[in-house]
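Descriptive structure summary
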Amino acid sequence: MAITRDWDGGSYDRISAPMLAMGLDVLDRLHLRGDEVVLDAGCGSGRVTEALLARVPQGRVIAVDGSASMIAAARERLGAHANLELVHADLMHLDLGGVRCDAVLSTATFHWVPDHPGMLRHLRGAMRDGAQLAAQCGGFGNIDAVHHAADVVAQRDPYAASFAGWVGPWNFRRADDMAHDLRAAGFDDVRCRLVPRPVVPDDPVEWFRTIVLGSHIERLPHDLRDPFVQAVVDLMPEPVTVDYVRLDIDAVAGPI
Ligand SMILES: C[S@@+](CC[C@H](N)C(=O)[O-])C[C@H]1O[C@@H](n2cnc3c(N)ncnc32)[C@H](O)[C@@H]1O
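Here we summarise the structure given alongside this text. (Residues numbered from 1 in each chain as written. Predicted model: local features only at pLDDT ≥ 70, side-chain atom pairs only at ≥ 80, totals over all residues. Heavy atoms only, no water.)

1. Brief notes about the packing of helix H2 (residues 17–27) against helix H3 (residues 47–55)
For any two helices packed against each other, the geometry comes down to the angle between their axes and how far apart the axes lie. Between H2 and H3, the least distance of the axes is 9 Å, while the angle of their chain directions is 35°. Regarding H2 and H3, the two cross each other, and that crossing is right-handed. Counting all contacts with H2, which are made through Ala17, Leu20, Gly23, Leu24 and Leu27, the residues of H3 involved are Arg47, Val48, Ala51, Leu52 and Arg55. Classifying every residue of the contact of H2 with H3 by side-chain character gives seven nonpolar, one polar and two charged. (Axes fitted to C-alpha atoms, helices over the stretch in contact; angles between N-to-C directions. Helix = DSSP H or I, 4+ residues; strand = E, 2+ residues; numbered from the N terminus. Left-handed = near helix turned anticlockwise from the far one by under 90°. Contact = heavy atoms within 4.5 Å. Nonpolar A, V, L, I, M, F, W, Y, C, P; charged D, E, K, R; others polar.)

Now the structure itself:
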């Protein structure tokens, strides 16, 4: 499994209400009768998945995530559900055993995948012709202010040695570039747009540790992780605001 970072699924589940709110807006863009097979690509701890399940009471949800910790948290949240299949897998190696989904939902995930053309080809291959894709991920300019503060702290001792030459894993795309990749992967009716969605977290330290600085702190020895997070939070103006810029994506699987 080659996902770009690991997650603390328990913490994410506890604090991710703002991500749930963004995810529900994406879910609202899916046109569902209630009997479809829907893929949740990057389901995390399953909070958006739970709402998706309620929308397809006669259908099925295949919820895929590459983090064992997230899948464990999703299992705890969702329990054994007749209409749910939880799959621990990398989206880059997605194999649904010939199942062609009626729709794909993905929230807060695509920017963690370095190879968008490859990922989109895999997703298209898992969809029937005419299936709908509704997705949202970090887009161009996403959390620039947070990353700027993190860069400032990362240049200081004792952190600097851990960050020399590191550029991070994020793939924050411009709308036109993502639209190009979608069409090349076999999608039609493509609409991509960037939307600012700032979030003021209740607990900025836990938010930064679990969500926006997760890739940074993986590079640090354990005893430097909390001081690094605190130093970045301390550099941010009050109220600490995470400057999310989301890339909203709608498309339909074209004929292949
Ligand atoms: C921020 S969480 C989003 C979870 C959920 N969709 C939400 O909106 O709250 C991003 C998720 O993407 C998953 N992810 C990232 N890259 C992945 C990949 N290549 N394959 C599968 N899952 C991946 C991570 O493990 C993580 O659970």
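2. Quick notes on the nonpolar core
Within the largest apolar cluster, 36 residues are counted, with the highest numbers of intra-cluster contacts made by Trp207, Phe208, Val212, Leu213, Phe228 and Tyr244. Those elements giving two or more residues to this core turn out to be helix H1 (9–15), H2, helix H6 (144–154), helix H9 (204–212) and helix H11 (222–235). A per-element tally of this core places H11 first, with six residues. Discounting chain neighbours no more than four positions away, the residues touching Val212 are Ile143, Val146, His147, Trp207, Val242 and Tyr244. Judged by nonpolar contacts, the second largest core, of 35 residues, contains Leu39, Leu91, Ile249 and Ala253. (Core = buried A, V, L, I, M, F, W, Y, C linked by side-chain atoms within 4.5 Å. Buried < 20%, exposed > 50% of the residue type's maximum accessible area, 1.4 Å probe, protein only.)

3. Here we look at the sheet that holds strand S5 (residues 127–138)
Spatially, seven strands are ordered S3-S2-S1-S4-S5-S7-S6 in an open sheet, and the strand pairing comes out mixed. Looking along the sheet, the strands with just one partner apiece sit at the ends: strand S3 (84–88) and strand S6 (187–196). Taking each pair of neighbouring strands and ignoring which way they run, the sheet shows an average axis angle of 15°. Contacting strand S1 (37–41), strand S2 (60–65), S3 and strand S4 (101–107), H3 crosses the sheet at an angle of about 165° to S2. Against the sheet, helix H8 (residues 175–184) contacts S5, S6 and strand S7 (245–253), and its axis sits at roughly 160° relative to S6. (Pairing = 2+ DSSP bridges.)

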